[in-house]
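What follows is each chain in one-letter form.
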Amino acid sequence: PTYDSIHELSEFIQVCVPVLEHFDTHYGEQLGQRWTAAREVLLHPRSWQHGVMLNRFAAPQDVREQLLLQGFSNLLPRSSGSSLQCFVHRSPVHVPSQRHQAGQLKQYYLLNAASLLPVLALDVREGDRVLDLCSAPGGKALAILQSATPGVLHCNELDAHRHEWLVKTLESFVPQTLSDVLKVSNLDGRLFGKIEAGAYDKVLLDAPCSNDRSWLFSGRPQHGALWLRERAKLPELQKDLLRSALEAVVPGGLVVYSTCTLSRAENSEVVQDILSSCPNIELQELNELALSFAHHFTFDPNTPFGLLVVPDYGRTWGPMFVSKLKKLC
Ligand code: SAM
């Protein structure tokens, strides 16, 4: 498109032009034709599909039946044996979010279904000691608790407001009976490698990132300039957080690194840098995971060191990058 057409578009849906131009340059080169579809999807929020994750603690049988009647299907077939249930639809059907009602747990949580990939990659088992290093608003922590009951699930979030939001999410979805499993903190994730070295079996690092969907609609162009400056600092923060996450697991422990950006500098290059500087870290295959979701998500075949879900026509899920690392000793 010409520069003019970008401006026309931006007037209509308040796209942040410098951000879109940056994406066109970088993602166009990185993803080729796939960027054409991803760009269309990202620019049209009305086309976005929504995943409906059921809350197993609120016995949502009626919600499940309603969703099936509306043509939703379970992303994770019963044969997978997982207690995690997330319903998806081929079309962008609107599902209202639930209001908080005193004394009642919410029955479902709305999310981008690709956000479940990092949780599935972490493969939490009963009794595992798990750290969710950057946890707010808590969607992936909830997904972990839908899949299994860990021995400990420590949810940490640095930002004070987002930490409050995390606490509210957990209160709205998780029963009191699990309060001895859950721990919530408000610390800089970079500290955990020192203060809790070797304390966990598994760590999820769902890192702060460029968040392509929200920045594209950040409005005025001056926000775009700020975004470009802030974005340049992210890979260093992500590497520091990833080193901290790796120090927080026992030898043999697993770390999943994820982001919701298409940016190579924040995805593959972060993992590559860690692998080349830490000889005791081994990359884990995610081929089986990719195969089992190939009919729902579009994966970029050229992304090394992990899986990248790229938004596509009729499969608007993503962006989501996920990589899995094992600490050998
Ligand atoms: N995992 C969350 C979920 O599924 O709902 C989303 C996490 S979001 C992608 C990343 C979070 O990291 C943000 O809430 C951000 O405030 C937090 N964050 C940023 N810097 C951090 C740091 N140094 N330590 C811990 N959390 C941090």
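Predicted, not measured: the structure shown is a model, and the values here were computed from it.

Basis of the calculations
- Residues numbered from 1 in each chain as written.
- Predicted model: local features only at pLDDT ≥ 70, side-chain atom pairs only at ≥ 80, totals over all residues.
- Heavy atoms only, no water.
- Helix = DSSP H or I, 4+ residues; strand = E, 2+ residues; numbered from the N terminus.
- Buried < 20%, exposed > 50% of the residue type's maximum accessible area, 1.4 Å probe, protein only.
- Contact = heavy atoms within 4.5 Å.
- pLDDT = per-residue confidence, 0-100.
- Pairing = 2+ DSSP bridges.
- Axes fitted to C-alpha atoms, helices over the stretch in contact; angles between N-to-C directions.
- Near = heavy atom within 4 Å.
- Polar contact = N/O pair within 3.5 Å; in protein donor to acceptor, adjacent residues only side chain to side chain.
- Areas by Shrake-Rupley, 256 points an atom, 1.4 Å probe, with all protein chains shown as cover.
- Nonpolar A, V, L, I, M, F, W, Y, C, P; charged D, E, K, R; others polar.
- Arc of directions from axis to C-beta.
- Phe/Tyr/Trp six-rings, centres within 6.5 Å; stacked < 30°, edge-to-face > 60°.
- Core = buried A, V, L, I, M, F, W, Y, C linked by side-chain atoms within 4.5 Å.

## Concerning the side chain of S115
Point 1. Considering the arrangement of structural elements, one finds S115 in the loop between β4 (108–111) and α5 (116–122).
Point 2. Judged by its relative accessible area of 10%, S115 is buried.
Point 3. Leave out the neighbours within four places in its chain, and S115 touches K140 and M320.

## Here we look at the confidence of the model for the chain
Point 1. Overall, the prediction assigns the chain a mean pLDDT of 93, with 95% of residues at 70 or greater.
Point 2. When mean pLDDT is taken per element in the chain, strand β5 (residues 129–132) scores highest with 99 and helix α1 (residues 3–13) scores lowest with 49.

## Quick notes on the sheet that holds β4
Point 1. Strand order in the open sheet formed by four strands is β2-β3-β1-β4, with antiparallel pairing between adjacent strands. Because the sheet does not close on itself, it has two edges, and the strands there are β2 (73–74) and β4.
Point 2. When strand β1 (residues 51–54) meets strand β3 (residues 86–88), the two strands line up antiparallel, connected through two bridges. From the neighbouring strand, M53 faces β3, where its bridge partner is C86.
Point 3. Lying over the sheet, helix α4 (residues 61–69) contacts β1, β3 and β4, oriented at roughly 155 degrees with respect to β1.

## What to know about the site of the ligand
Point 1. What surrounds the ligand is a group of 20 residues, the closest being G139, E157, R162, G189 and D206.
Point 2. Residue P137 places a main-chain N or O atom 3.3 Å away from an oxygen atom belonging to the ligand.
Point 3. Take G139: an N or O atom from its main chain is 2.9 Å from an oxygen atom of the ligand.
Point 4. Notes on the ligand: free accessible area 600 Å², of which the protein chains cover 87%.
Point 5. Residues belonging to the shell around the ligand are distributed by class as follows: nine nonpolar, five polar and six charged.

## Some thoughts on the environment of A37
Point 1. Tracing the chain through its elements places A37 in helix α3 (residues 33–43).
Point 2. Residues contacting A37, with those up to four places away along its chain left out, are P311, D312 and Y313.

## A few points about helix α11 (residues 268–277)
The periodicity of an α-helix, 3.6 residues per turn, causes residues three or four places apart in sequence to face the same way.
Point 1. The complete set of buried residues in α11 reads S268, V270, V271 and I274. Seen end-on, α11 carries its buried residues on one side only, within an arc spanning 165 degrees.

## What about the environment of L291?
Point 1. Along the polypeptide, L291 turns up in helix α12 (residues 287–292).
Point 2. Owing to a relative accessible area of 66%, L291 belongs among the exposed residues under this scheme.
Point 3. Considering only alpha carbons, one finds L291 and N186, 105 residues apart in sequence, at a separation of 37 Å.

## Considering the packing of aromatic side chains
Point 1. Counted by the stated rule, this structure contains 10 aromatic pairs.
Point 2. An angle of 90 degrees between the planes, with centres 6.0 Å apart, marks the rings of F23 and W35 as edge-to-face. Here F23, found in helix α2 (residues 17–31), pairs with W35, found in helix α3; they are 12 residues apart in sequence, far enough to count as distant. Each of the two residues, F23 as well as W35, counts as buried.
Point 3. Look at W215 and W227: their rings are 6.2 Å apart centre to centre, the planes differ by 35 degrees, and that puts the pair in the tilted class. One end of the pair, W215, is in helix α9 (residues 212–216); the other, W227, is in helix α10 (residues 221–248), with 12 residues separating them in the sequence.

## A short note on the nonpolar core
Point 1. L153 and F297 are the most contacted members of the largest nonpolar core, which has 46 residues in total.
Point 2. Beyond its immediate chain neighbours, meaning those up to four positions away, L153 contacts V130, D132, A141, I144, L145, V181, L182 and K183.
Point 3. Ranked by size, the runner-up nonpolar core spans 39 residues in total, among them L31, L43, L241 and L308.

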